[in-house]
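# Fold and contact review
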Amino acid sequence: MRVGLAVLALALAACASPPRGGPGTADPGEGLPHGWRADAATGDFVHERTGYRFAAMRGACRRDWPHNYDADGDNTSVPYLCPESGVWLTLYLYPASYGGVPDPPTHFRGVVGDALSAHAGAKVERAVQGTFPLGPRDVEGFAAFLRWFEPEHEVGSFVVLVPDGDRFVKVRTSVGLGVADEGIDAAWQLTNEVLRGVAKDPGSGSATTTSE
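Residues numbered from 1 in each chain as written. Predicted model: local features only at pLDDT ≥ 70, side-chain atom pairs only at ≥ 80, totals over all residues. Heavy atoms only, no water.

To continue, consider the pairing of strand S12 (residues 154-164). Across the eleven residues of S12, eleven count as buried, placing the element largely inside the fold. Side-chain alternation along S12 places Glu154, Gly156, Phe158, Val160, Val162 and Asp164 on one buried face and Val155, Ser157, Val159, Leu161 and Pro163 on a second face that is also buried. The pairing of strand S11 (residues 137-149) with S12 spans eight bridges and is antiparallel. Its bridge partner lying in S12, Leu146 is registered against Ser157. Between S11 and S12, which pair antiparallel one after the other, the connecting turn spans four residues. Across eleven bridges, S12 lies against strand S13 (residues 167-177) in antiparallel orientation. Across the sheet, the residue bridging to Val160 is Val171, located in S13. Where S12 folds back on S13, the antiparallel hairpin that results is connected by two residues, among which Gly165 adopts a positive phi of roughly 65 degrees. (Buried < 20%, exposed > 50% of the residue type's maximum accessible area, 1.4 Å probe, protein only. Helix = DSSP H or I, 4+ residues; strand = E, 2+ residues; numbered from the N terminus. Pairing = 2+ DSSP bridges.)

Written out as structure tokens, the structure is:
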């Protein structure tokens with residue numbers, strides 16, 4: 001993470017739930033969810049309301065199919081899976097009013113709390129506030145690193161929240177850890193690459209325009 005980030009005070013508890021798996025596979029083409037289109041020239045998936053773009057590959061990591069959580073595609077997500085490194089990432093894009101908590105620091109605490117409650121025994125190792133890439137820009141946001149144990153290995157997971165106008169961009173990036181914590185750097189690198197790659201499509205709507 002960036003030098004000089006301020007540590008956030010978090011008082012969050014964990015509870016048990018089933019382990020999470022990585023995304024499946026999907027091929028580019030017709031049948032994208034409402035509010036999405038495929039760029040024929042680049043193969044990018046474009047979220048039409050915001051203009052955010054998602055390349056088919058980020059290094060050795062493959063983009064999967066977007067998933068909408070509402071009928072308009074305003075609350076949506078895109079996963080990436082890295083078979084070689086065992087890293088999986090999901091970027092969530094949704095209105096800042098989601099859940100009735102538009103205040104970024106408060107919303108971030110809730111996001112981390114959700115991550116903790118999804119994994120029995122999960123602990124926050126570090127939480128920070130600082131500058132993160134979002135397309136060509138640097139945007140103030142928040143990040144935390146969590147650890148928990150699954151039956152056969154330990155898992156490390158980054159939780160990142162970046163406010164962008166009237167929306168939040170949230171990223172969950174997880175990796176199975178070995179004795180030397182290999183995989184953490186790959187997970188953080190993918191997180192930054194995906195955030196940096198979300199370049200706005202000039203022909204699409206503004207990410208900072210209030211949703212209808």
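Glancing now at the state of the cysteines. Here the structure, examined in full by the defined rule, presents one disulfide. Disulfide pairing is shown between Cys61 and Cys82; the S-S distance is 2.0 Å. On the S-S bond that ties Cys61 to Cys82, the torsion sits near 105 degrees, and the link is right-handed. Of the two residues, Cys61 sits in strand S6 (residues 61-63) while Cys82 sits in strand S8 (residues 76-82), which places them 21 residues apart along the sequence. The class of Cys82 is buried, set by a relative accessible area of 2%. (Disulfide = S-S within 2.5 Å.)

Moving on: the side chain of Asp39. In this fold, Asp39 is placed in the loop between strand S2 (36-38) and strand S3 (45-47). On the basis of relative accessible area, Asp39 is assigned to the buried category, the value being 16%. Side-chain polar atoms of Asp39 contact the backbone nitrogen of Thr42, separated by 3.3 Å. Excluding anything up to four places from it in sequence, Asp39 contacts Asp44, Val46 and Arg53. (Polar contact = N/O pair within 3.5 Å; in protein donor to acceptor, adjacent residues only side chain to side chain. Contact = heavy atoms within 4.5 Å.)

This paragraph deals with the confidence of the model for the protein. Put simply, the protein has an average pLDDT of 84, and 81% of its residues get 70 or more. Considering only residues more than four positions removed or in separate chains, one finds that residues 206-212, a stretch of pLDDT under 50, has 19 contacts. (pLDDT = per-residue confidence, 0-100.)

With that out of the way, let us pick up the environment of Gly176. For Gly176, the location among the structural elements is in strand S13. Residue classification places Gly176 among the partly exposed residues on the basis of a relative accessible area of 32%. Separated by 88 residues in the primary sequence, Gly176 and Trp88 have C-alpha atoms spaced 9.6 Å apart. Among all residues touching Gly176, those that are not within four sequence positions of it are Gly86, Trp88, His153, Glu154 and Glu182.

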